Amino acid sequence: MNKKVIFFEVQGGNDKGPDGYRKDTMPMVHALQQRGQDAEVIFYDMTKQQEIFDYVKENAIAYVSRINPGNLKDESAYFSMLRQLCKEGIIGMPHPDAMIGYGAKDALVKLADTSLVPSDTYAYYTIEEFKNNFPKSLANGIRVLKQNRGSTGEGIWRVQLVDELEPENTEVPLNATIKCTEAKDNHVEYFELAAFMDFCEQYIVGDNGMLVDMQFLPRIKEGEIRLFMLHDKPVNVVHKKPVESEDSFSATLFSGANYRYDKPEDWKNLVDFFLSKLPVVMDRLGGYDLPLIWTADFILDTDEAGNDRYVLGEMNCSCVGFTSELELAQDIADEIIFKIKEHTLQSI
Ligand SMILES: Nc1ncnc2c1ncn2[C@@H]1O[C@H](COP(=O)(O)OP(=O)(O)OP(=O)(O)O)[C@@H](O)[C@H]1O
Ligand SMILES: [Mg+2]
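Residues numbered from 1 in each chain as written. Chains lettered and ligands numbered in written order. Predicted model: local features only at pLDDT ≥ 70, side-chain atom pairs only at ≥ 80, totals over all residues. Heavy atoms only, no water.

Q: How would you explain the overall build of the protein if you had to name every residue and give the values?
A: Looking only at helices and strands, the protein has 10 helices and 15 strands in total. Over its C-alpha trace the protein gives a radius of gyration of 21 Å, about what one expects of a compact globule, namely 20 Å for 348 residues. Across its three principal directions, the C-alpha atoms of the protein cover 75 × 45 × 40 Å. By residue count, 50% of the 348 residues in the protein fall in the buried class. Relative to all contacts within the protein whose residues are 6 or more apart in sequence, the contacts with residues 24 or more apart total 65%. Carbon and sulfur atoms make up 49% of the accessible area of the protein, which totals about 16400 Å². Positive and negative side-chain charges of the protein, numbering 36 and 57 respectively, have mean locations separated by a distance of 4 Å. (Helix = DSSP H or I, 4+ residues; strand = E, 2+ residues; numbered from the N terminus. Rg over C-alpha atoms; globule rule 2.2 N^0.38 Å. Buried < 20%, exposed > 50% of the residue type's maximum accessible area, 1.4 Å probe, protein only. Contact = heavy atoms within 4.5 Å. Areas by Shrake-Rupley, 256 points an atom, 1.4 Å probe, with all protein chains shown as cover. Lys, Arg positive; Asp, Glu negative; His and termini not counted. Charge placed at Lys NZ, Arg CZ, Asp CG, Glu CD.)

And the structure:
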C-alpha cells in the first residue's frame, strides 16, 4: 500500500485560502500526487486526538506539521501526539522536539558558544535570575530582551541607559532611567530599571515563559537577512530593512520594514558560513533531523579585525509559509520524497 503524507493544519484563522487550507498546502499535496505519492490534509482537533492518531498511525508514512502550536489551546497534547507518531515510525517533519528546540528563543543561548551567537547571550527562566543578571548585562551596553511567546516584535525590547554609567559600576542601579523601544512598532517608553523589570515579569511567568537577553547589534539598520531553508538547502533570501527613523530597529513587517527578495547566490558568504554550521546547530538543538521548511534570521556585526560577521537573531520552524513563492512546492515535494526513500532504505 502506498502510505500517505499527512499535512496537519487547524481549521480557521486568517492564513487560509478559499478552500479552507493554508494557501501553500494544496500546492504541496498536488506536487506529491503528481509524483505518485499519496497525500492528504487533516485538521487537528484536540477533541478527536485519538481518532486522528489511529488514522495517521495506520495510513501515513510521514507528517508535515503546518500549525503554529502557540495558537493551540493545548500545545502539549499536540506535541505528545506527534511524539507518539514518531515513536511508531512515522517520519516527523519536523519531530515535535525539533519544533520546540528551533522555535524557542533560547535556541540562541544553546548556540552561544559557537560563532553564530555572541557569547554574552543569556536566557532567564525565573524572575530571580532575570533581576539578578540583567542590571549586570545592561552595564556592558545596549541590550535586546526577547520574550519567547508572541511574534512580530511584541515583547521584544531594546533597552539602553539614558545617562552614562559611572565607570566603576558593574551593575546598573535600579533607579537608573532607561529608554526602551519595542520592536512591534518602534515606540519608545522610559522607565526606571526596577519598574521595567517588574513589567517584564509577565514574559517569564506561565507556560514557555522566558526572556532572552542579547547584545543590541546596531548594524540592524542595514537590515536583517532571512534565509528560507528547505531542509539543509537555502532556497530564498529576504532582506528586511527597518524604516529609516532615529529609534527604529525592527525588521518586522508590521513595523513598516522594507522587504526585498534575493537569491541565495547573492548572499554567498552568509550561506557558506551557515551551511558550515548546520552540524553544530543540529547537535546543540537535540540531534534531530533539520526541519523540512524553516528560517534563520541574521544581523550583521563587525569582528575584532574589522570584518563583517553574521549573528543569528532568530529561527522559525513551526508554521513557515511560502505563499509568495508557490513554485517552491515542487522542490518541497522532491525533498519529502527523498526523505521517505532515505527512511525506507534505513529501515531495511
Ligand atoms: N540583537 C539584536 N540587535 C538588533 N536588533 C535586533 C536584535 N534582536 C532582534 N532585533 C530586531 O527586533 C526584531 C524582532 O526580533 P525577533 O525577530 O527576535 O522577534 P519576533 O517577535 O519573533 O519577530 P518575528 O515576527 O520575526 O518572529 C528583529 O526583526 C530585529 O529587527
Ligand atoms: Mg524575527
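The structure having been displayed, the exposition proceeds.
Q: Could you give me a rundown of the domain arrangement of the protein, with the residues and numbers involved?
A: Interface size is commonly expressed as the accessible area that is lost once the parts come together. Domain parsing of the protein yields domain 1 (4–94 + 328–347), domain 2 (117–216) and domain 3 (220–316). Taking both partners together, domain 1 and domain 3 bury about 800 Å²; carbon and sulfur atoms supply 78% of that area. Counting the surface domain 1 buries against domain 3, the share from its top three residues, Leu328, Ile332 and Glu335, is 53%. One can count two salt bridges joining domain 1 with domain 3. Among the ionic pairs, lysine 339 bridges to aspartate 289, the shortest N-O distance being 3.2 Å. Taken together, the links from domain 1 to domain 3 amount to four residue pairs in polar contact (both at pLDDT 80 or more). With six residues, helix H10 (residues 328–347) is the largest single contributor of residues to the side of domain 1 that touches domain 3. Grouping the constituent residues of the side of domain 1 that touches domain 3 by class yields six nonpolar, no polar and four charged. (Domains from an automatic or database assignment. Buried area = accessible area lost by both parts, 1.4 Å probe. Salt bridge = Lys/Arg side-chain N within 4 Å of Asp/Glu carboxyl O. Polar contact = N/O pair within 3.5 Å; in protein donor to acceptor, adjacent residues only side chain to side chain. Nonpolar A, V, L, I, M, F, W, Y, C, P; charged D, E, K, R; others polar.)

Q: A description of the sheet that holds strand E8 (residues 177–182) should follow, citing residues and the corresponding values.
A: The sheet built from six strands is open, its strands ordered E5-E10-E6-E7-E8-E9 with antiparallel pairing. Each of the sheet's edge strands pairs with one partner strand only, and the pair in question is strand E5 (122–124) and strand E9 (187–192). Ignoring which end each strand starts from, the neighbouring axes of this sheet average 25 degrees apart. One ladder, built from three bridges, connects E5 with strand E10 (residues 211–215); its direction is antiparallel. Bridging across to E10, alanine 123 finds its partner in valine 212. The strands touched by helix H6 (residues 127–139) within the sheet are E5, strand E6 (143–147), strand E7 (156–161), E8 and E10, with E5 carrying the most contacts at an inclination of about 150 degrees. (Pairing = 2+ DSSP bridges. Axes fitted to C-alpha atoms, helices over the stretch in contact; angles between N-to-C directions.)

Q: Residue-level account of the nonpolar core, with values.
A: Judged by nonpolar contacts, the single largest core of 60 residues is most densely connected at Phe8, Tyr78 and Phe274. The contacts of phenylalanine 8, once residues within four sequence positions are left out, are Ile42, Ile52, Val56, Tyr63, Val64, Ser65, Arg66, Ile67, Tyr78, Met81, Leu82 and Leu85. (Core = buried A, V, L, I, M, F, W, Y, C linked by side-chain atoms within 4.5 Å.)

Q: Break down the site of ligand 1 for me, citing the residues and quoting the values.
A: Residues in close proximity to ligand 1 total 21 residues, the closest being Lys105, Thr152, Gly153, Phe249 and Glu314. Here an oxygen atom of ligand 1 and a backbone polar atom of glycine 153 are 2.7 Å apart. Take phenylalanine 249: an N or O atom from its main chain is 2.7 Å from an oxygen atom of ligand 1. Residue assignment for the shell around ligand 1 shows that the elements contributing at least two residues are E6, E10, strand E11 (224–230) and strand E15 (308–316). Taken together, the residues that form the shell around ligand 1 break down as 10 nonpolar, six polar and five charged. Looking at which domains feed residues into the shell around ligand 1, each of domain 2 (117–216) and domain 3 (220–316) supplies at least three. (Near = heavy atom within 4 Å.)

Q: Requested: an account of the pairing of E9, with residues and values cited.
A: Strand direction decides the pairing type here: E8 and E9, joined by six bridges, are antiparallel. Bridge pairing in E9 links lysine 179 to tyrosine 190. Counting the residues that bridge the hairpin from E8 to E9 gives four residues, and of these asparagine 186 lies at a positive phi of roughly 60 degrees.

Q: Got a sec to walk through the state of the cysteines? Specific residues and values, please.
A: This structure, assessed with the given rule, holds zero disulfides. Here cysteine 86 is not disulfide-linked; the sulfur of cysteine 317 is the nearest cysteine sulfur, at 13 Å. Cysteine 200 takes part in no disulfide bond, and the closest cysteine sulfur to it belongs to cysteine 180, at a distance of 7.4 Å. (Disulfide = S-S within 2.5 Å.)

Q: Now, about the sheet that holds E11: what can you tell me, with residues and values included?
A: If you trace the five strands from one edge of the open sheet to the other, you get E13-E12-E11-E14-E15, paired in antiparallel fashion. Only two strands of the sheet have a single partner each, and these edge strands are strand E13 (258–262) and E15. The mean inter-strand angle of the sheet, taken between neighbouring strand axes irrespective of direction, is 30 degrees. Two strands pair when backbone bridges link them, and E11 and strand E12 (residues 233–241) are joined in this way by seven bridges, in the antiparallel orientation. Across the sheet, the residue bridging to leucine 230 is lysine 233, located in E12. On the sheet, H10 packs against E11, E12 and strand E14 (293–302) and is oriented at approximately 50 degrees with respect to E11.

Q: Help me get a handle on the side chain of threonine 181, residues and values and all.
A: Take threonine 181: it is sitting in strand E8. Among the residues examined, threonine 181 registers a relative accessible area of 0% and is labelled buried. With residues up to four places along the chain from it excluded, the contact list for threonine 181 reads Ile156, Trp157, Arg158, Asn186, His187, Val188, Asp247 and Phe249.

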